[in-house]
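The residues making up each chain are set out below.
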Amino acid sequence: MTKYAVSGATFSTDQVNNRQVFGGLKQWFDPESAHSEGTTPDYRFSLANERTFLAWIRTGLALIAGGLACAQFLPPLPIARLREIISIALLVLGGLVALRAVDHWARAERAMRLGVDLPRSRFPAILAIIVAIGAVVLVVTVLHRVLA
Amino acid sequence: MTRDPGAAPERTRLAWRRTGMSAAAVALLATRPAFSPGAGPAEWLVAAASMAGWAACAALALQRAPGLRVRPPRTAARTIRAYALITTALAVIGGLVVML
């Protein structure tokens, strides 16, 4: 099996053929295809990474479900279209969480293969702040509605 | 190979299962407007798309399961990317539900 370098990373012929077949989307997600560099880590680490990914996907799905529930079950709010804005914001956040989940999974997998530090991320803190701000806005809106 | 005392494959299989349940909740919420009295073809199409997304999620989880039963378990790559894509697609479908 010949090995050769493509844009700095080394691939075997099998993997390059695989990349041609499943090219497009896969490359868009992860330019350095998994199973191409370094050594295969202990499967337990890979499965833990997979469970972390799934936990993030559930977080994203919960945000999406929250957005849908807002649109369908909230009464019209005092500010015009606020209900739809909250819904869309939650849906966008949910989609972002899902995309970031797969990106983080791929980077963690790659770090484990190369034996380097796991990727660090500010994303959980940013998400927490956004959710907290959203909660405060909702509390103010509800209080406004109750007191008005 | 001895049994993994940490039960990693079993926990991973259960993680897929509860993720599938979350996806079902999203798909059902997106389908709900199709059953309202004023529903038209747009609502039906969106409902069909969300159900298709949920079916794809279930199919991916089903496809993943055998790899977790063998010892040593196989790791996933394409299934994970596909799942993330479908979740994003569900968010887009949700956007259509809100806009309708």
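Residues numbered from 1 in each chain as written. Chains lettered and ligands numbered in written order. Predicted model: local features only at pLDDT ≥ 70, side-chain atom pairs only at ≥ 80, totals over all residues. Heavy atoms only, no water.

The name given to chain B in an unreviewed UniProt entry is DUF202 domain-containing protein, and the organism recorded there is Actinoplanes regularis. Under the Subcellular location (unreviewed entry) heading, UniProt states for chain B: "Endomembrane system". (UniProt positions renumbered as here; feature names shortened; annotations may be inferred.)

As annotated in an unreviewed UniProt entry, chain A carries the name Putative membrane protein and is attributed to Actinoplanes regularis.

Draft legend 1. Inspection of the interface of chain B and chain A at higher detail. Listed per partner, the contact involves 40 residues of chain B and 36 residues of chain A. Of the charged contacts in the structure, one is a salt bridge between Arg-64 of chain B and Glu-50 of chain A, with a shortest N-O distance of 2.7 Å. Taken together, the connections running from chain B to chain A amount to eight residue pairs in polar contact (both at pLDDT 80 or more). Mapped onto the side of chain B that touches chain A, the elements with two or more residues apiece are helix H1 (8-31), helix H2 (41-69) and helix H3 (78-99) of chain B. Broken down by element, the residue count for the side of chain B that touches chain A peaks at 15 residues, all from H3 of chain B. (Contact = heavy atoms within 4.5 Å. Salt bridge = Lys/Arg side-chain N within 4 Å of Asp/Glu carboxyl O. Polar contact = N/O pair within 3.5 Å; in protein donor to acceptor, adjacent residues only side chain to side chain. Helix = DSSP H or I, 4+ residues; strand = E, 2+ residues; numbered from the N terminus.)

Draft legend 2. Quick peek at unusual backbone geometry. Residue and element names in this part refer to chain B. For the peptide bond that leads from Arg-71 to Pro-72, omega is -5 degrees, which places it in the cis range. Along the chain, Pro-72 turns up in the loop between H2 and H3. In this model, Ala-7 sits at a positive phi of 55 degrees, which is unusual for a non-glycine residue. Relative to the helices and strands, Ala-7 resides in the segment before H1. In this structure Ala-7 comes out as partly exposed when scored by relative accessible area, which is 23%. (Buried < 20%, exposed > 50% of the residue type's maximum accessible area, 1.4 Å probe, protein only.)

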